[in-house]
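Given next are the chains, with one letter for each unit.
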Amino acid sequence: MSFIPGQPVTAVVQRIEICKLRQGDNLILGFSIGGGMDQDPGQNPFSEDKTDKGIYVTRVTKGGPAEDAGLMMGDKIMQVNGWDMTMVTHDQARKRLTKKNEDVVRLLVTRKSLEDAVRHSMIQNQAQHQI
């Protein structure tokens, strides 16, 4: 998903709810993130134009809570429990995701396959109306 700074962003999003797994004092989500306003977007393998400083899922633990909830590697996290994640540092994102007093994390994510499916559907719909 590319965007022009200062312009509205349109994204196809999916809601994902992850129940944290409790292991002793730790709450496990089962995924890792990369990106953030303070990171080099050129190092982000999921950024198409290498300027996107968003927060991306870089790893999903097999059989973990995130995989069970449907989170996928490469998903871009747009919101966490209602908090905007489009303009945060890596550390701010990590802190939002790992709050100790939250057993459930509600995410809004976008992924390339979602956008492609909507784009394909729109093109098909336009073609049907032109017949």
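Residues numbered from 1 in each chain as written. Predicted model: local features only at pLDDT ≥ 70, side-chain atom pairs only at ≥ 80, totals over all residues. Heavy atoms only, no water.

As recorded in an unreviewed UniProt entry, the protein goes by Tax1-binding protein 3 and comes from Aldrovandia affinis.

Concerning the packing of aromatic side chains
Applying the stated criterion across every chain, the model contains 1 aromatic pair. Note on F46 and Y56: the rings are 6.0 Å apart at their centroids and 20° apart in plane angle, and the pair reads as stacked. Within this pair, whereas F46 is found in the loop between β4 (31–35) and β5 (55–60), its partner Y56 is found in strand β5, the two being separated by 10 residues in sequence. In this structure, R96 is placed above the aromatic ring of W83, and the distance from its NZ or CZ to the ring centre is 3.5 Å. (Phe/Tyr/Trp six-rings, centres within 6.5 Å; stacked < 30°, edge-to-face > 60°. Helix = DSSP H or I, 4+ residues; strand = E, 2+ residues; numbered from the N terminus. Lys NZ or Arg CZ within 6 Å of the ring centre and 35° of its normal.)

Here's the deal with the environment of E67
Looking at the secondary structure, you find E67 in helix α1 (residues 65–69). When the C-alpha atoms of E67 and G30 are compared, they prove to be 7.4 Å apart, with 37 residues separating the residues in sequence. In this structure E67 touches V60, T61 and K62, once residues within four positions along its chain are discounted. Of the polar contacts made by the side chain of E67, one reaches the backbone nitrogen of G63; its length is 2.5 Å. (Contact = heavy atoms within 4.5 Å. Polar contact = N/O pair within 3.5 Å; in protein donor to acceptor, adjacent residues only side chain to side chain.)

Details of the pattern of salt bridges
In the structure shown here, the tally under the stated rule is 6 salt bridges. Measuring nitrogen to oxygen at the nearest pair gives 2.5 Å for the salt bridge that ties R94 to D91. Note that R94 and D91 are positioned in helix α2 (residues 90–97) at a spacing of 3 residues, about one turn of the helix. According to the relative accessible area criterion, R94 is partly exposed, its value standing at 38%. The salt bridge partner of D91 is K95, with a shortest N-O separation of 3.1 Å. Of this pair, D91 and K95 both sit in helix α2, 4 residues apart, roughly one helical turn. On the basis of relative accessibility, which here comes to 49%, the residue K95 falls in the partly exposed class. Salt bridges linked by common partners bring D91, R94 and K95 together as one network. (Salt bridge = Lys/Arg side-chain N within 4 Å of Asp/Glu carboxyl O. Buried < 20%, exposed > 50% of the residue type's maximum accessible area, 1.4 Å probe, protein only.)

Describing the side chain of R111
Relative to the helices and strands, R111 is located in the loop between β8 (104–110) and α3 (112–130). Side chain to side chain, R111 and Q14 meet in a polar contact 3.0 Å long. A polar atom in the side chain of R111 sits 3.1 Å from the backbone oxygen of G70. Ignoring sequence-local partners within four residues, the contact set of R111 consists of V12, Q14, I16, G70, L71, M72 and D75.

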